[in-house]
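Spelled out, the chains give:
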Amino acid sequence: VTGGGAMGQVLAEHPDVDKVAFTGSTEIGKVLRQATAGTGKKISLELGGKSPVIVFDSADLDSAVESVVDAIWFNQGQVCSAGSKLLVQTTVFDKFISKLKTRLGHFRIGQSLDKVVDMAAIVDESQRKSIADFVEEARDEGADVFQTECPAGCFYPPTLITGVNTASRVVMEEIFGPVLVALPFRTAKEAIAIANNTLYGLGASVHSEQLPLALETAKHIQAGAVWINCHNMFDAAAGFGGYKQSGFGRDGGKEGLFEYVKPSWQQKVRISKLNFDMAKFGASYSADCPAINGNGSEAISVDRTYKLYYGGAQKRPDAAYSRVIRTVEGKVMAQVGESNRKDVRNAVEAAAKAQPAWAKKSPFNR
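Definitions and cut-offs
Residues numbered from 1 in each chain as written. Predicted model: local features only at pLDDT ≥ 70, side-chain atom pairs only at ≥ 80, totals over all residues. Heavy atoms only, no water. 1 Å grid on protein atoms, 1.4 Å probe; cavity = no way out; pocket = protein on both sides within 12 Å on 5 of 7 lines; lining within 4 Å. Points joined across faces, edges and corners; volume = space filled by probe spheres on them. Nonpolar A, V, L, I, M, F, W, Y, C, P; charged D, E, K, R; others polar. Helix = DSSP H or I, 4+ residues; strand = E, 2+ residues; numbered from the N terminus. Buried < 20%, exposed > 50% of the residue type's maximum accessible area, 1.4 Å probe, protein only. Contact = heavy atoms within 4.5 Å. Patch = residues over 30% accessible without salt bridge, like charges linked within 9 Å, V, L, I, M, F, W, Y side chains within 5 Å. Areas by Shrake-Rupley, 256 points an atom, 1.4 Å probe, with all protein chains shown as cover. Salt bridge = Lys/Arg side-chain N within 4 Å of Asp/Glu carboxyl O.

**Q** How would you summarise empty space enclosed by the protein if you had to cite specific residues and measurements?
**A** Here the structure, examined in full by the defined rule, presents two cavities of 30 Å³ or more. Approximately 70 Å³ is the volume attributed to the largest cavity. The wall of the largest cavity is formed by 13 residues, among which Gly77, Ala82, Ser84, Glu174 and Phe176 lie closest to the centre. Lining of the second largest cavity is provided by 13 residues; of these, Pro52, Thr198, Tyr200, Gly201 and Gly203 occupy positions nearest its centre. For the lining of the second largest cavity, a count of residues per class yields six nonpolar, six polar and one charged.

Shown next, in the form of structure tokens:
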């Protein structure tokens, strides 16, 4: 079924649709997530990315050049997992950039039906203009922009940007075009910090002939898929997807299969769409506690306060009270500790303290 953006939203919100899978921009992904929230529909999102390509001085530079070319200029860079942020160790930065520029000098750009070209046209004129605006902004900031010749029309030349700071838009945002941004790094720790300094987390690649170094670096990169000495090499048996603002859910492998099935004993959940103004949602706040304890006498009688659990231990709530949780029929379901803002603060502090060590652990160890 083909159609514009409005058609896609109507299709996703239709009551006969149980599962929504979307590949596209982060902005539209947010709209779809909002539209399906609370409806019982399963949803998986494969959104934008700013995938880093890390090249150590121990890498085979000639092979790494070809890997970078395939990572960013395949399909004119119009790939969600395109390796658009190049990180090269300072000891070989100038040498690698020189090799990359030499390779771009032999690039062939032409019509997509010509099977000997390296790069074809951009998808449409509006996207070509968006790419040009990104590059011109970087040039205005003082960055060095290297481009080759390209035909007239809806073409954009393969572009290499150097001398740019890490907070620039071309470094932080997805361009979705044949534009590569190159940054130097000194140590593996610095490379990991620059690679993870992004809102996205779809793909990444590490290039080194020292396999322990490559694997240890890959383990600390926050991306759904990390390749070693290659980029965008997919396997149907392996799940692919991202996290952070690159979406959630997986395509391929058993993880991708689980997105489309459910246990036979699980009931179909269908909740009618709620009618409220999302723009005003949460705008008003009342400090009054909800009347959840009720007036019934069947509440559980206890001689102690139920505790909270955070920071690896049970903590007595600062409010020193418990509250009764009831079902929609009014029956007592449970009792929980009554928290206040101090308890929330303590829990957030405990989570923030544990996060750095937790992030460094492999999924198996977690």
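Next comes the rest of the write-up.
**Q** Lay out the environment of alanine 121 in plain terms, naming residues and giving numbers.
**A** Mapped onto the fold, alanine 121 is located in the loop between helix H4 (93-104) and helix H5 (125-140). Residue class for alanine 121 comes out partly exposed when judged on its relative accessible area of 27%. Note: C-alpha distance between alanine 121 and glycine 110 (11 residues apart in sequence) is 7.2 Å. In contact with alanine 121, other than residues within four places in its own chain, are Gln76, Gln78, Gly110, Cys154 and Phe155.

**Q** Break down the layout of surface pockets for me, citing the residues and quoting the values.
**A** Rolled over the atoms, a probe sized like a water molecule indicates the empty space that remains. Taken as a whole, the largest pocket holds about 400 Å³ of empty space. Taken together, 17 residues line the largest pocket, and the ones lying closest to its centre are Lys219, Ile221, Ala223, Tyr243 and Arg366. Elements supplying a minimum of two residues to the lining of the largest pocket: helix H8 (211-220) and helix H10 (341-360). Of the residues contributing to the lining of the largest pocket, the split by class is eight nonpolar, five polar and four charged.

**Q** Can you tell me about a nonpolar patch on the surface, naming the residues and giving the values?
**A** A contiguous nonpolar surface patch, about 430 Å² in accessible area, is contributed by Leu257, Phe258, Tyr260 and Val261. Relative to the helices and strands, tyrosine 260 resides in the loop between helix H9 (253-258) and strand S11 (308-310). What makes tyrosine 260 exposed here is its relative accessible area of 52%.

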